[in-house]
Amino acid sequence: MIHARSALLRSATKLSGSRLLSVSTPIKLNIRHLATKADTSSLNYAKVFNPNSTNVSLNNLDTFARRHIGPTPENVEKMLESLGYKDLNDFLSQAIPQHILFKRKLKIQPQQGYTESEMLEHLYEVAGKNKIIKSFIGKGYAGTKLPPVIQRNLLESPEWYTSYTPYQPEISQGRLESLLNYQTMITSLTGLSMANASLLDEGTAAGEAMSLSYHNLKGKKSIYVIDTNLHPQTKDVIQSRAENIGVKIIELPLSTTEGVSQLKSILSDVCGALVQYPGTDGSIHNFQEIGEIVHSNKGLFAVATDLLALTLIKPPSEFGADIALGTSQRFGVPFGYGGPHAAFFSTSMKYSRKIPGRIVGVSKDRLGKPALRLALQTREQHIKREKATSNICTAQALLANISAMYAVYHGPEGLKNIAKRVYGFTSLLAKEIQTNSNHSIVNDKWFDTLTIKLSDGVSADEVLSNALKNHEINLFKVNDSTVSLQLDETVEIKHLQSLVEVFTGNKTYDTQAITSLPQLPSELLRTDQILPNEVFNTHHSETALLRYLHLLQSKDLSLANSMIALGSCTMKLNATVEMQTLSIPGFNSIHPFVPLDQAQGYKQLVDEFEKDLNDITGFDATTSMPNSGAQGEYTGLSLIRQYHKSRGEHEIRNICLIPVSAHGTNPASAAMSGLKVVPIKCKTDGSIDLIDLQEKAEKHATNLCSIMITYPSTYGLFEPGIKQAIEIVHNNGGLVYLDGANMNAQVGLTSPGDLGADVCHLNIHKTFALSHGGGGPGQAPVCVKDHLKPFLPSHHFIKTPHSTNESIKSVNSAPYGSASVIPVSYSYIKMLGADALPYVSSIAILNANYMLNRLKEHYSILFIDPKAEGKKHCAHEFILDLREFKAIGVEAIDVAKRLQDYGFHAPTMSFPVAGTLMIEPTESENLQELDRFVDSLISIKKEIDAYGRGEGLGNVLKNAPHSLEDIISTSQQDWDTRGYTREQAAYPLGFLKSSKCWPTVARLDDTYGDMNLICTCPSVEEVAGESA
Ligand SMILES: Cc1ncc(COP(=O)(O)O)c(C=O)c1O
C-alpha cells in the first residue's frame, strides 16, 4: 500500500510540473486508494451470489445476483481449477496488473442490492414522482398511442430487444425486413428515393444534413443556412456540430421575401439550407423557391418534416428537397421524457454513398433466393475512420421497428384518418379562437400546431397556468404574450372543450352538432398514393399483425436463443425487471420539456444514477445527454475542446492521438470534433507502443488536444502501460479520453478515473444491461473529472445538471437523451449493489479466460502465449486468430457462417484485426453455455482440418450456413456432390436436435446487393410480377 501511495505521489509531482496544472486530482486518487478494498474472494462470491443459500431468513428471497451472473460458485470453482487457481482473488491478481487492480470499494446503495420485487416497488415510487399531465407542448414530441399488440410483442419481447445489429443477415431476416419497411415508409412519405434505417433523433439528423451538405461540396463553402422557424433544440444541435468543423450557421426567415433576398446575397458561400415543414410555429409554407435558389449554387436543400402531416400534405420532394429528416416518434413511440425514438433521414439515390447511418438493402443468397442485408456494408461511416463524415454506429433500430409496425398496422388509410382527425380537432379549436376570442393565430396555415398571440392584457403565464391548474394540460410558452400547442392522436373531445375554455372562456362548448371535421385546403394536399406496398395493406387485424410480428422474430437469433459472444459489444442479460421499466407510464409518458416540478421522479433518478456512475468510474460529474456511444465520444471530445478554449488554446490544440487498434467511431468522432487524427502504433503483443506515443506526444505537444484510449484495449488486454500512456499525454498538455466500451472488465476492480483519465463515456447498452435492440437504442453518459465539469452540455429549454455559461451546446435534442432507458441501467446497478458489481467484472473475465484456456489447444489466440511464458490471460474478451487457415483456403467468414449452423451468432469478425474473431462471453452466460460454444468451435476446427486435407466434410464450411430450404429442397443428386450429409450440415452436434435457431436464408451475396442497390420493399406490381 505504502509503495503504491508513493508511486501516486510521484506521478502527482510530475503532473504538477506539467502544463496541466489545473487538471490533476492525484490527492483524491490517494484517498480512494486507501479506502477499504472490495472483497472479490471465492468465499464471498458464494454469499453474494445467493445470500439465502445456507440460511433462509426473514429477508426477501428474490435476490438478483444469481439471476444475472451465469456461473454458480461451484462452476466458478471448477473453472478456476481448470486455470490452475484456488480462489477468484488469486486469479484476478494474475489476470490484472497489480498497479491497476484498485478494487476501490463502491459506495452504491443498497450495498447488497434490491431484490427484484423491492426494485419494482422502488421504481414505481420514483416514477410516481413524475406527474402524468396531458402535454400539447409539441416542439418535436407528440402524444401517440402505442398499439398494445406492438407494445407486448415487440417493445416488450426479448426476441426483438435483445438481438444485435443485423451484421449476420442469415439469422436477422426478420428485423431486416422490418427495417426495410421503415425505410420504405419514410421514402413513401417524404417522396425521396432512399432512406436509412434510423438515426438518433431529429436534432442530430439535422446535424448530419448540415455536415453532408458541407462535405458534399468538399468543404469549399462554409455557410449553412437554417430557417428561423426550426425547433430551437434542433438549431442548438446544428450549431454545436458546426462550430467544431468550422461551418458558419446563418439563421434567416426563409419563408419571407426578406429572408429570400438575404439568402441570395450570401449564396456563393452557402453549402446548403434547412427549413422545417410544418414549421415550429405550425405554419405550412411551400419552399420551392428556396430549393431552387440553393440548387442554383450546387448546395443541398434539406427539409425537417413531420410524418403524420406528410400522410396528407405535399411531400418535400415536390419542392425539390435533397434531404428530408425528422423524428418518427409520433408513430407509436411514447414521449419517454425525450427518448428513445427513431429519427429518419431520406435522400435521393444520388447520395446513397454519403447517407449517414445504416441502410438495409435487398440482395440474394447463395441459392439465388431474395434476401436482405445491410447494404454498402463496407461503406459504413465508422469504417472510414477519420475520413468519415458521421460517426453513427448504434442508432434506434428497436424504435424504428415500432414505428414501421405502427404504419403496417394502421396502413395508409388508418394513418390518414389519424392525421385527418388531428387536423380536424386543430381546426375546430382554431375556429373557436378566431371567432370567439381576441387572440389571434399567428400561423395562417396549420396541420396540428397553432401559435397564438394573446390579446392585450393576457399573459402567456396566465394561460399556461389556467390550462394546467384547471384542465391538467401543458401548453408551450413562446414568449410573454404568445403560446403554442400541438394536438396529436391522443386528443379527445374533453381536451378540445378544455382548450376552447382556456382560450375563449366558453365553458359549454358543444361538439354534438359536429358531424364532419374540417379538411385541409386542397392546395396543401398531396395527390400521390402513400404506402402502396403490400406489407402496409395486409396486417390490419390484431391476429394478422401478431402473426407477422412472430413470423419476423422467429427468423432472428437473439439472446432468447443462445449466447451472442460479440467482442466489444457486451451482450449480457437484459433482465426483465430492468426492461419492464420502459413500460412504466410514470417514465414513458412525460414530455421532455415539461416544467421541472412535473419531472421530480426523473430528477431523482438522474441524480442518483449520476452519483453511482461517478462512483463506478472514479469521476466527479456525469451528463446523461448523449444517446449513443459515438455520441458520447463526440461529447467528451467537445468538452476537451471547450476546456482548451477556456485557456485560449482552442485553435492551436487540434490533434488527437488514437491507437491504431481503436474502434472506428473514435477517429470518426475526432474528425467530427474538428480534430486531426495522429495514429499511434501498437506493439506485436497488442499493447500501445509507448515509445511511439512518447515521440508523437512530444512532437505535437504544442498542438496536442487529447488521446482516445479504449481500456482494456480493443485487443482485450489489460495492458500494463496504461498509466504511463496517460502520464505521457498529460505531460504534453493533452487530456485523456477513455472509451468506456470495455467498462465491463473494470467495474469495482479498476476505473478510468483511478487510472488518471479525464473523461470517459459508458455504453450503457453494453456494460449496464440496456438491451441492444437490434441496433439501438443506446445511451452513453459521459463522466468527467472536476476540471471538465463546467463545460457539461446545456439545453435550450431545461437546466441540465452542472450547466454553466461555459457549457457546450446540446449534443442532441433532449436534455437527458434517451431518458426513459436510464431506469434500465439504474435498476441493473441497484439490484446488484456495491457487493455484487465487482463480481460482474470478475466473472466476465473468468468466463473469457475459461473459454480461452479450452480453445487455446485448438486455435491460436492473438497476443496470448500458448506456453504461458508471456501473457497468459486476457481481460473480458479474446481474439481467435484464424489467419493461418487462409493458406488452406478457409477464411474467418467461413467460421462465422458455420457457427450459425451450430445455432450461434458469430463473434465480432475482423475487428480490430482482419481475419480474426473476437469473443466476449460476459458474466451472464453459464458454464453449460460456454461449453456448448467452445464445443462448437472445436467441432468446427475438425471441419477446418478436413478442409485442409481435401475431405468432403470440409466443404460444409464453404456452404454454411445451411438454411432449412437448402437442407430440405436440394435434390439428392446435387447434395451428393457436396461430400457431407444433410445431418452433418444441420446437426453437427447432438444438442442441436433439441434446440436450434435456423438460418432462414443461405449465405448472402454481398457484391450483388451493392451493385444492384434496392433499399425499399417491392411494390405491389413487383410482387405480382414475381408470383406470376
Ligand atoms: C470500443 C467502442 N467504442 C465505441 C463504440 C460506439 O458505440 P455506439 O455504437 O453506441 O455508437 C463501440 C461500439 O461498438 C465500441 O465497441
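Residues numbered from 1 in each chain as written. Predicted model: local features only at pLDDT ≥ 70, side-chain atom pairs only at ≥ 80, totals over all residues. Heavy atoms only, no water.

A. Expanded view of the overall build of the protein. Each helix and strand counted, the protein has 36 helices and 26 strands in total. Counting only C-alpha atoms and orienting by the principal axes, one finds that the protein spans roughly 85 × 80 × 70 Å. Counting over 1028 residues, the protein shows a buried share of 66%. The contacts in the protein between residues at least 6 apart in sequence include a share of 77% that link residues at least 24 apart. Carbon and sulfur atoms form 51% of the exposed surface of the protein, whose accessible area is close to 35,200 Å². Considering the protein, the positive charge centre built from 96 side chains and the negative charge centre built from 105 side chains are found 4 Å apart. (Helix = DSSP H or I, 4+ residues; strand = E, 2+ residues; numbered from the N terminus. Buried < 20%, exposed > 50% of the residue type's maximum accessible area, 1.4 Å probe, protein only. Contact = heavy atoms within 4.5 Å. Areas by Shrake-Rupley, 256 points an atom, 1.4 Å probe, with all protein chains shown as cover. Lys, Arg positive; Asp, Glu negative; His and termini not counted. Charge placed at Lys NZ, Arg CZ, Asp CG, Glu CD.)

B. Representation of the sheet that holds strand β20 (residues 735-739). On the basis of which strands lie adjacent, the open sheet formed by 7 strands has the order β16-β22-β21-β20-β19-β17-β18 and mixed pairing. The strands lining the two open edges of the sheet, one partner per strand, are β16 (621-623) and β18 (676-680). Ignoring strand direction, the axes of neighbouring strands in this sheet form an average angle of 25°. For β16 and strand β22 (residues 782-784), the ladder comprises 3 bridges, and the chain directions are antiparallel. By the bridge assignment for β22, Ala 621 is matched with Val 784. Across the sheet, helix α22 (residues 600-617) is in contact with β16, β21 (759-761) and β22; its angle to β16 comes to roughly 120°. Running over the sheet, helix α26 (residues 722-731) touches β19 (704-710) and β20 and is turned about 140° from β20. (Pairing = 2+ DSSP bridges. Axes fitted to C-alpha atoms, helices over the stretch in contact; angles between N-to-C directions.)

C. Empty space enclosed by the protein, seen in detail. Scanning the entire structure with this criterion turns up 9 cavities of 30 Å³ or more. The space that makes up the largest cavity amounts to roughly 280 Å³. Considering the residues around the largest cavity, the lining is formed by 25 residues, among which Gly 140, His 231, Gln 276, Asp 306 and Gln 486 are closest to the centre. In terms of residue class, the lining of the largest cavity is built from 8 nonpolar, 12 polar and 5 charged. Estimates place the volume of the second largest cavity at around 120 Å³. Residue lining of the second largest cavity: 13 residues in total, with Leu 155, Pro 340, Leu 399, Leu 582 and Ser 820 positioned closest to the centre. The class makeup of the residues in the lining of the second largest cavity is 9 nonpolar, 4 polar and no charged. (1 Å grid on protein atoms, 1.4 Å probe; cavity = no way out; pocket = protein on both sides within 12 Å on 5 of 7 lines; lining within 4 Å. Points joined across faces, edges and corners; volume = space filled by probe spheres on them. Nonpolar A, V, L, I, M, F, W, Y, C, P; charged D, E, K, R; others polar.)

D. Local environment of the packing of aromatic side chains. Enumeration according to the criterion identifies 21 aromatic pairs in this entry. Relative to Phe 791, the ring of Tyr 643 lies with its centre 6.5 Å away and its plane at 75°, an arrangement referred to as edge-to-face. On the criterion of sequence distance, the pair formed by Tyr 643 in helix α23 (residues 629-646) and Phe 791 in the loop between β22 and α28 (822-855) is long-range, its members being 148 residues apart. Phe 791 shares its class with Tyr 643; the two are buried. Between the aromatic rings of Tyr 859 and Phe 885, the centroid separation amounts to 6.2 Å while the plane-to-plane angle is 80°, which identifies the pairing as edge-to-face. Taken together, the residues span a long stretch of sequence, with Tyr 859 in the loop between α28 and β23 (860-861) and Phe 885 in the loop between β24 (878-881) and α29 (892-901) at a distance of 26 residues. A connected cluster of aromatic rings, assembled from ring pairs, spans Tyr 141, Phe 476, Phe 593 and Phe 797. Sitting above the plane of the Tyr 634 ring, Arg 241 keeps its charged end 5.6 Å from the centroid. (Phe/Tyr/Trp six-rings, centres within 6.5 Å; stacked < 30°, edge-to-face > 60°. Lys NZ or Arg CZ within 6 Å of the ring centre and 35° of its normal.)

E. Just the site of the ligand, in detail. Around the ligand, 14 residues are found, and the nearest of them are Thr 394, Ser 568, Gly 629, Asp 739 and His 765. Gly 629 has a polar backbone atom sitting 2.7 Å from an oxygen atom of the ligand. Side-chain polar atom of Asn 763 to an oxygen atom of the ligand: 3.4 Å apart, as the coordinates give it. Compared with its free state, where it exposes 390 Å², the ligand has 98% of that area covered by protein. Of the residues belonging to the shell around the ligand, the class tally is 3 nonpolar, 8 polar and 3 charged. (Near = heavy atom within 4 Å. Polar contact = N/O pair within 3.5 Å; in protein donor to acceptor, adjacent residues only side chain to side chain.)

F. Layout of the sheet that holds β24. Here we have 4 strands laid out as an open sheet, ordered β23-β24-β26-β25, and antiparallel in their pairing. The open sheet has two free edges, formed respectively by β23 and β25 (908-909), since each of these has just one partner strand. Across the sheet, α29 is in contact with β25 and β26 (916-919); its angle to β26 comes to roughly 45°.

G. The environment of Ser 317, seen in detail. Relative to the elements of secondary structure, Ser 317 occurs in the loop between α15 (307-310) and β7 (323-327). Residue classification places Ser 317 among the partly exposed residues on the basis of a relative accessible area of 25%. Residues Ser 317 and Met 1011 lie 694 residues apart in sequence; the distance between their C-alpha atoms is 25 Å.

H. A look at the side chain of Thr 482. In this structure, Thr 482 sits in strand β15 (residues 482-486). In this structure the side chain of Thr 482 is engaged in a polar contact, spanning 2.9 Å, whose partner is the side chain of Asn 479. Beyond its immediate sequence surroundings of up to four residues, Thr 482 is in contact with Thr 451, Ile 452, Lys 453, Leu 454, Ala 460, Phe 476 and Lys 477.

I. Spotlight on α29. Counting buried residues along α29, 9 of its 10 residues qualify, which places the element largely inside the surrounding structure. Among all positions of α29, only Ala 892, Asp 894, Val 895, Ala 896, Lys 897, Arg 898, Leu 899, Gln 900 and Asp 901 are buried. The inward-facing, buried residues of α29 contact β25, β26, α30 (927-948), α31 (955-959) and α34 (982-986). One or two positions beyond α29, positive phi appears at Gly 903, with a value near 85°.

J. Representation of unusual backbone geometry in the model. Of note, the bond from Gly 339 into Pro 340 is cis; its omega dihedral lies within 30 degrees of zero at 5°. Along the chain, the position of Pro 340 falls in the loop between β7 and β8 (343-347). Omega for the bond connecting Ala 960 with Pro 961 falls within 30 degrees of zero, at 0°, which places this linkage in the cis form. Assignment of secondary structure puts Pro 961 in the loop between α31 and α32 (964-969). Unlike most non-glycine residues, Thr 570 shows phi in positive territory, near 50°. Looking at where Thr 570 falls in the secondary structure, it is placed in the loop between α19 (542-554) and α20 (576-580).

K. Representation of the pairing of strand β12 (residues 449-453). Most of β12 sits inside the fold, with 4 of its 5 residues counted as buried. With 5 bridges joining them, β12 and β15 adopt antiparallel strand pairing. Its bridge partner lying in β15, Ile 452 is registered against Val 483.

L. Quick look at helix α25 (residues 690-699). Three or more residues of α25 are buried, namely Asp 692, Leu 693 and Ala 697. Here the buried residues of α25 occupy an arc of 125° about the axis, which is enough to place them on one side. Exposed positions of α25 whose direction lies more than 90 degrees from the buried face are Ile 691 and Lys 699. Its buried side turned inward, α25 meets β17 (655-659), β18, β19 and α26. Among the residues of α25, the N-terminal cap falls to Asp 689, whose side-chain oxygen and the backbone nitrogen of Ile 691 are separated by 3.1 Å. (Arc of directions from axis to C-beta.)

M. Spotlight on a positive patch on the surface. Residues Lys 218, Lys 220, Lys 350, Lys 354 and Lys 384 make up a contiguous surface patch of positive charge. Position of Lys 350 relative to the elements: it lies in the loop between β8 and β9 (360-364). (Patch = residues over 30% accessible without salt bridge, like charges linked within 9 Å, V, L, I, M, F, W, Y side chains within 5 Å. Salt bridge = Lys/Arg side-chain N within 4 Å of Asp/Glu carboxyl O.)

N. Local environment of the packing of α22 against α28. As a packed pair, α22 and α28 sit with axes 10 Å apart at the nearest point and diverge in direction by 45°. Compared by their axis directions, α22 and α28 come out oblique. Of the two possible hands of crossing, α22 and α28 adopt the one that is left-handed. Of α28, the residues touching α22 (which contributes Leu 605, Val 606, Glu 608, Phe 609, Asp 612, Leu 613 and Ile 616) are Ile 822, Pro 823, Ser 825, Tyr 826, Ile 829, Lys 830 and Leu 837. (Parallel < 35°, antiparallel > 145°, perpendicular 65-115°, else oblique. Left-handed = near helix turned anticlockwise from the far one by under 90°.)

O. Examining the pattern of salt bridges more closely. Enumeration over the complete set of coordinates arrives at 37 salt bridges. A salt bridge links Arg 526 to Asp 528; the nearest nitrogen and oxygen atoms lie 2.8 Å apart. Asp 931 is the salt-bridge partner of Arg 854, the closest N and O atoms lying 2.8 Å from each other. Taken as a pair, Arg 854 in helix α28 and Asp 931 in helix α30 lie far apart in primary sequence, 77 residues in all. The class of Arg 854 is partly exposed, set by a relative accessible area of 25%. Given the relative accessible area of 16%, Asp 931 is considered buried.

P. Quick peek at the environment of Asn 474. Mapped onto the elements of the fold, Asn 474 is located in strand β13 (residues 473-474). We classify Asn 474 as buried; its relative accessible area is 4%. With 223 residues separating them in the primary sequence, Asn 474 and Ala 697 have C-alpha atoms 54 Å apart. One polar contact links Asn 474 to Ser 135, side chain to side chain, over a distance of 3.0 Å.

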